[in-house]
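Chain by chain, the residues:
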Amino acid sequence: MWENESLRLLVTVAGTGSFTQAADRLNYTQSAVSRRIAALEHRAGGPLFVRLPRGVRLTPAGRLLHRYAVDVLDRLARAERDLGVLHAGHGGPLHTGAFATANIALLPTALRALKDARPGIEVAAVESPTGTLMRQLADGTLDLAVVSDYPYGLPSADGITTTVLCEDELLIALPRRHRLAGAEAVDLYELRDETWIQSAYGDRPTMLADACARAGFTPERIMRIAGWAGKFGYAAAGLGVALVPSLAARAVPGQLVLRPLTDPTLRRTVHVALPDAPLPAALALREFLHSAVAEHEEPRSPG
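All figures in this text were calculated on a predicted structure; none of them were measured in a lab.

Cut-offs applied
- Residues numbered from 1 in each chain as written.
- Predicted model: local features only at pLDDT ≥ 70, side-chain atom pairs only at ≥ 80, totals over all residues.
- Heavy atoms only, no water.
- Pairing = 2+ DSSP bridges.
- Helix = DSSP H or I, 4+ residues; strand = E, 2+ residues; numbered from the N terminus.
- Salt bridge = Lys/Arg side-chain N within 4 Å of Asp/Glu carboxyl O.
- Buried < 20%, exposed > 50% of the residue type's maximum accessible area, 1.4 Å probe, protein only.
- Contact = heavy atoms within 4.5 Å.
- Phe/Tyr/Trp six-rings, centres within 6.5 Å; stacked < 30°, edge-to-face > 60°.
- Lys NZ or Arg CZ within 6 Å of the ring centre and 35° of its normal.

Participant: Help me understand the pairing of strand β6 (residues 160-175) in this model?
Facilitator: Looking down a regular strand, the side chains alternate between one sheet face and the other. Examined bridge by bridge, β6 and strand β11 (residues 267-275) share 9 bridges and lie antiparallel to one another. Bridge pairing in β11 places C166 opposite V270. Sheet topology note: the β6/strand β9 (residues 242-245) ladder contains 4 bridges and is antiparallel. Each bridged residue has a counterpart across the sheet, and for L171 the counterpart in β9 is V244. Both β6 and strand β10 (residues 256-259) contribute to a ladder of 4 bridges, which runs antiparallel. Bridging across to β10, A173 finds its partner in L258.

Participant: I'm lost on the pattern of salt bridges in this one. Help?
Facilitator: Opposite charge on two side chains permits pairing when their charged atoms draw close. Enumeration over the complete set of coordinates arrives at 6 salt bridges. The salt bridge involving E41 is made with R51; its shortest N-O contact spans 2.7 Å. Of the two residues, E41 is situated in helix α3 (residues 30-44) and R51 in strand β1 (residues 49-52); the sequence distance between them amounts to 10 residues. For E41, a relative accessible area of 11% puts it in the buried group.

Participant: I'm lost on the side chain of E194 in this one. Help?
Facilitator: Within the element layout of this structure, E194 appears in the loop between β6 and β7 (195-198). Filtering out sequence-adjacent residues up to four positions away, E194 remains in contact with H178, R179, R221 and V241.

Participant: Explain the packing of aromatic side chains to me, please; I cannot follow it from the model alone.
Facilitator: Aromatic ring pairs are reported here in terms of the distance separating the ring centres and the angle at which the planes meet. Counted under the stated rule, the structure contains 3 aromatic pairs. Ring geometry for F19 and F49: centres 6.1 Å apart, planes at 90°, overall edge-to-face. Here F19 is found in helix α2 (residues 19-26), whereas its partner F49 is found in strand β1, with 30 residues between them in sequence. With a centroid separation of 5.6 Å and an interplanar angle of 40°, the aromatic rings of W228 and F232 are classed as tilted. Placement of both W228 and F232 in helix α8 (residues 228-236) is noted, with a separation of 4 residues, approximately one turn of the helix. You can call F232 buried: its relative accessible area is 6%. The aromatic ring of W228 is capped on one face by K231, whose charged end is 3.8 Å from the ring centroid.

This is the structure in structure tokens:
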């Protein structure tokens, strides 16, 4: 009902106490001011100004509408400023997501660098499997996600673009007392009689199952543990072995060692996923992610 320009005119007339001065300030003619105020009074259902011999003053209805007009114009001005900051990439909300091991060090490192460079950005982060992250990007819930092709390949989503961030080697986590703990590299076949600690991925074939098949065996004992803390705990207790992405190396407890595998295919590709029209802050974060990868030197074995 109320046009922004009409509300701005109301506030300016009230502030100057004069149609003439308001016209000069807003670059209107005095007759245009009179017409617009008359139209505003018609919409308000009565006079907003008392016409005096020398200027005008607000009526009670005018004072009421003036309070609302000041609030509306202030909110719009703040929205305009915030949008400008958002579009410049220097502030505003940024919703990010990543799969579990990318949240151990990779994404937090990049987000810290982003916050240091652009402290006005309000970061929100979630952790989900890649498929969920891609759906959240597609429906606008997320502005950027770190995703991977493990264990089932990288899903596609309409309006989402992915770029390769890094190759993440899969290592084997062994208790320090394990017979292969001192090996330079481990052949999967040497682990054919082990219990394998895996996430609860269900019955779909995984990269591990394919690699074991190439090595000439099928894992007979699998322990389903969803979280990485639990996997590390079971492995450290000598209850099984686990594949661990190098991104997770910083979280591996001292009771375990990480060893590379002789199968070069046991690696995953990590991607940055963005909507087709990304926020400038999301593009900046993508650059910080690439920097985090370039500077990242993971130890093969903790301790």
